[in-house]
Amino acid sequence: MAEPMGFFTDPTVCIGCKACEVACKQWNQLPALDEDRRTLSGDSYDNTRKLDGTHWRHVKFVEQFDEDRRDGRWTMLSDVCKHCVQAGCLEVCPTGAIIRTEFDTVVIQSDTCNGCKACLGACPFGVIDINPVSKTAQKCTLCYDRLQAGMEPACSQACPTDSIVFGPVRELKERAGRRVDQLHAAGEKRAVLYGADENMLGGLNAFFLLVDKPEVYGLPPDPKMPTRHLATGTLATMLGAFVVGLVSLFNFRDRRAGEASAPDRDQP
Amino acid sequence: MIDAPSSTWFTSSPHWNWLIVVYFILGALAGGVYFLSAMIDLTGRDRRLARLGYYMTLPLLLVIGGVLIVDLYRPDRFWHLFVEIHTLRPMFKWWVPMSVGAWSVLIFGFFSLLSCLAALFEHRDWRWRFPRRLRPPGVLGMLVTVPGAIMALVVTGYTGVMLSVLNRPVWSDTPLFGLLFLVSAVTMAAALLALVGRWIHGDSPVVAALNRIWIWLLLVQIVVWIALFVTLGPAVRGWLNVWGVVLAIGIAIGTVLPLLAARFRTARGIGGLPAAAVLVLAGGFMVRTAIVFVPEAIAP
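These figures come from a predicted structure and were not determined experimentally. As a convention, each chain's residues are numbered from 1 in the sequence order in which they are written. As they are written, the chains are lettered A onward and the ligands numbered 1 onward, keeping that order. Selection of residues for local features in this predicted model requires a pLDDT of at least 70, selection of side-chain atom pairs for listing and counting requires 80 or more, and totals for whole chains, interfaces and linings are taken over all residues. Side-chain measures were taken over the full set of non-hydrogen atoms in the model, leaving aside hydrogen atoms and water.

**Student:** Explain the packing of aromatic side chains to me, please; I cannot follow it from the model alone.
**Tutor:** The description of an aromatic ring pair rests on the distance of the ring centres and on the angle between the ring planes. Here the aromatic set is Phe, Tyr and Trp, taking the six-membered ring for Trp, and pairing holds for ring centres within 6.5 Å; pairs whose planes are under 30 degrees apart are stacked, those over 60 apart are edge-to-face, and all others are tilted. Applying the stated criterion to the full structure yields 24 aromatic pairs over all chains. Here the aromatic rings of Trp16(B) and Phe24(B) are separated by 5.9 Å at their centres, their planes lie at 85 degrees, and the arrangement is edge-to-face. Relative accessibility under 20% of the residue-type maximum defines a buried residue, over 50% an exposed one, and the middle range a partly exposed one, all with a 1.4 Å probe and only protein chains included. Owing to a relative accessible area of 2%, Phe24(B) belongs among the buried residues under this scheme. Plain terms: the ring middles of Tyr34(B) and Phe108(B) are 5.3 Å apart, the flat faces sit at 90 degrees to each other, and that makes the pair edge-to-face. Of this pair, Tyr34(B) sits in helix H1 (residues 18–43) while Phe108(B) sits in helix H3 (residues 97–124), and the two are 74 residues apart along the sequence. Look at Phe108(B) and you get buried, because its relative accessible area is 0%. Feature note: the residues Trp16(B), Tyr23(B), Phe24(B), Trp171(B), Phe177(B) and Phe181(B) constitute an aromatic cluster, connected by ring pairs. We call a charge positioned over a ring when the NZ of a Lys or the CZ of an Arg lies within 6 Å of the ring centre and within 35 degrees of the ring normal. Above the plane of the ring of Phe7(A) lies Arg57(A), whose end atom (NZ or CZ) is 4.7 Å from the centre. By the criteria applied, helices consist of DSSP H or I runs no shorter than four residues and strands consist of E runs no shorter than two, each listed in order from the N terminus.

**Student:** Just checking my understanding: could you explain the interface of chain B and chain A for this structure?
**Tutor:** Interfaces are often sized by the amount of accessible area the parts lose when they come together. Each partner contributes to the interface: chain B provides 68 residues, whereas chain A provides 72 residues. Two parts lose some accessible area (1.4 Å probe) when they are put together, and adding that loss for both gives the buried area. Across the chain B/chain A interface, buried area totals approximately 5,900 Å², and carbon plus sulfur atoms make up 60% of it. Every case where a carboxyl oxygen of Asp or Glu lies within 4 Å of a side-chain nitrogen of Lys or Arg is listed as a salt bridge. Where chain B meets chain A, there are one salt bridge. Lys117(A) is the partner of Asp71(B) in a salt bridge, and the nearest nitrogen-oxygen pair spans 3.1 Å. Definition of a polar contact: a pair of N or O atoms within 3.5 Å, with one able to donate and the other able to accept a hydrogen when the atoms are protein atoms, and with sequence-neighbouring residues admitted only if both atoms are side-chain atoms. Taken together, the connections running from chain B to chain A amount to 21 residue pairs in polar contact (both at pLDDT 80 or more). Those elements that place two or more of their residues in the side of chain B that touches chain A are H1, helix H2 (47–71), H3, helix H4 (139–164), helix H5 (177–201) and helix H6 (205–232) of chain B. Residues count as neighbours in contact if any of their non-hydrogen atoms are within 4.5 Å of one another.

**Student:** For this particular structure, what's the right way to read the environment of Ala38(B)?
**Tutor:** Residues and elements named next belong to chain B. Structurally, Ala38 can be placed in helix H1. Ala38 sits 107 residues away from Thr145 along the chain, and the two C-alpha atoms are 5.9 Å apart. Setting aside residues up to four positions removed in sequence, Ala38 forms contacts with Tyr54, Thr145 and Ala149.

**Student:** Just to check I follow, could you spell out the nonpolar core for this structure?
**Tutor:** Across soluble globular proteins, nonpolar side chains show a tendency to be buried alongside one another. What is meant by a nonpolar core is a set of buried Ala, Val, Leu, Ile, Met, Phe, Trp, Tyr and Cys residues, joined one to another through side-chain atoms within 4.5 Å. Ranked by size, the top nonpolar core spans 105 residues in total, and within it Phe252(A), Trp16(B), Phe24(B), Phe35(B), Leu36(B), Trp214(B) and Ile291(B) carry the most contacts. A domain assignment, automatic or from a database, supplies the domain bounds used here. Two domains each put at least three residues into this core: domain 1 (5–224) and domain 2 (228–258) of chain A. The residues contacting Ile291(B), other than those within four sequence positions of it, are Leu163(B), Trp171(B), Phe177(B), Leu180(B), Phe181(B), Trp225(B) and Trp239(B). Listed in part, the 63 residues of the second largest apolar core include Met76(A), Tyr194(A), Ala206(A) and Val211(A).

**Student:** Honestly, the sheet that holds strand E8 (residues 164–168) of chain A in this entry has me stumped. Any pointers?
**Tutor:** In a beta sheet, neighbouring strands are held together by backbone hydrogen bonds and run either parallel or antiparallel to one another. Residues and elements named next belong to chain A. Paired strands are those between which DSSP finds at least two bridges. Reading across from one edge, E8-E1-E10-E9 is the order of the four strands in this open sheet, with mixed pairing throughout. In this open sheet, the two edge strands, each paired with only one partner strand, are E8 and strand E9 (192–194). In this sheet, neighbouring strand axes are inclined to one another by 25 degrees on average, regardless of whether the strands run parallel or antiparallel. Two strands pair when backbone bridges link them, and strand E1 (residues 5–9) and strand E10 (residues 206–210) are joined in this way by three bridges, in the parallel orientation. In the strand pairing of E10, Phe7 is matched with Ala206. Every axis corresponds to a line fitted to the C-alpha atoms, with the helix fit spanning only the stretch in contact, and the corresponding angles, defined between N-to-C directions, vary from 0 to 180 degrees.

**Student:** Would you mind showing me how to read empty space enclosed by the protein here?
**Tutor:** Over the atoms, a rolled probe matching the size of one water molecule traces out where space is still vacant. All names here are of chain B. Every definition here rests on a 1 Å grid over the protein atoms only: cavities are sets of points where a 1.4 Å probe fits but cannot get out, pockets are open sets enclosed by protein on both sides within 12 Å along at least five of seven lines, and lining residues have some atom within 4 Å of a point. Grid points are joined across faces, edges and corners, and a volume is the space filled by probe spheres set on the points. Taken as a whole and judged by the stated rule, the model has seven cavities of 30 Å³ or more. Approximately 100 Å³ is the volume attributed to the largest cavity. Around the largest cavity sit 17 residues that line it, and Ser184, Gln221, Gly283, Gly284 and Val287 are the ones nearest its centre. Secondary structure elements with two or more residues in the lining of the largest cavity: H5, H6, helix H7 (242–268) and helix H8 (273–293). Any residue that is not Ala, Val, Leu, Ile, Met, Phe, Trp, Tyr, Cys, Pro, Asp, Glu, Lys or Arg is counted as polar, Gly included; the first ten are nonpolar and the last four charged. In terms of residue class, the lining of the largest cavity is made up of nine nonpolar, seven polar and one charged.

**Student:** Would you mind going over the domain arrangement of chain A with me for this structure?
**Tutor:** According to the domain assignment, chain A consists of domain 1 (5–224) and domain 2 (228–258). Each of domain 1 of chain A and domain 2 of chain A has a C-alpha centre, and the two are 45 Å apart.

**Student:** What's the story with a nonpolar patch on the surface in this structure? I'm lost.
**Tutor:** All names here are of chain B. Patch building starts from residues that exceed 30% relative accessible area and form no salt bridge, then joins like charges within 9 Å and nonpolar side chains (Val, Leu, Ile, Met, Phe, Trp, Tyr) within 5 Å. Note on areas: Shrake-Rupley, 1.4 Å probe, and residue coverage restricted to the protein chains presented here. Taken together, the side chains of Trp216, Leu219, Ile222, Ile226 and Val230 make up a nonpolar region of the molecular surface, amounting to roughly 480 Å² of accessible area. Here Leu219 lies in helix H6. The exposure class of Leu219 is partly exposed, given its relative accessible area of 40%.

**Student:** Would you mind going over the pairing of E8(A) with me for this structure?
**Tutor:** When a strand is regular, its side chains alternate between the sheet's two faces. Residues and elements named next belong to chain A. For E8, the tally of buried residues reaches five of five residues, placing the bulk of the element in the interior. Where E1 meets E8, five bridges bridge the pair, whose relative direction is antiparallel. Residue pairing for E8: Met5 is matched across the bridge by Pro168.

Put into structure tokens, the structure is as follows:
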């Protein structure tokens, strides 16, 4: 297996140009419009709104202004599939359409997916949705086809400020650590890495530097695996089956005792 | 999102619609009716009611099979649930409730078909007698009915376990939906069979037993509901919308009123249970509808 590859996204240098979104759509031949979204969102300059089956990169615009708007800041974050080491989508896919590649990335095979939608809700980050053209679940592939050809993903290659950096995850973490130290030294004490350590779903191969709480960027502070309740839920259900069986058996046996000498109602 | 009570609030909708509600209801009835019919067959004498149960189960399964296929965005690829398309090996993931559910419906359908054929051959008194042996008593009948009943319960319960692993608000904030679905499925099925049994041959011992079963199981459901709300913790907030109202009405008319009706009947020695059984079914429908749609009402 090749070395795990991923993205490090640093919103402190993002200028919101959306070159990543455009490059992604262009390379992956994703439609520019989708039928549900023909109006402006009214939410800052963000008309992409969210990641889905045709938007595999999404530049979030976070406006943080005072009531009188005298002071404030813009924060832009280019969101993407996190290619989790413990991937919820992969765990719940019933057809084997979602696979882990040799680059430790997570890819949906469109020829296998039957659009059952299990992965849509299972993703802790709400990344996946149905592509209305293929009618299958789709998301960022971390440009698997380009990686196989030794190329860089389209989004990071197009990023003019290196807000999105592609590379081996190990090297990206070193780089991200240095960037956090740099920001701390510059007085930005809130700078933290999101998803760089193994505590979050075994580590995110696409991780972020944040300068505010994750919720501000629409990211869950403690994303969880969808299968966390599988064992307890199954055991509780089996307990229910036992109780239902007992209740039924008790009542039907009771009836039989009271009817022991009754003739069979259904002899033809 | 800033004050979201659970990480599930950050997930996306799986776009479930009324087809899923239909499936949840019909699947619950199919599984519950077969299970109770098998229990009647295994323990009792009212072969006519059990036969009717088998007759009801098979068409229900055919409908829900169709519903499940139509609900896929690519119905032409439904078979990918059973066959790995690149290797043509069986596709089964024991840790994926949807995979377990797909196989369960298929296997349950097989047993349901055998039971239905056995009931039909016995009913019509057709000359070929072998199919009759696929119903109890007898070893062959046991080999069909017992695993069939187990698969029936799997079909009623896996849907709830599936909700618990789909990471959506409310659904995945408790592990108890599988338990609730299984118990409520058999409750609804008991109410339905009690109605049908009463229609066929009036108040018989088996109808009385079925009435006692749904009353007992409603009491179990109350315990399960309390446990479910406790385990939801802060995520119980997810019910503060229209679907919470539907749920409350569903519990009131599907659990509380039937129990009151049962108590009233016992006290006065008069009827009223058929109406209560109808309420159980109506309440079960409302509760499942509310559960299916509640995450959609929670703003991302």
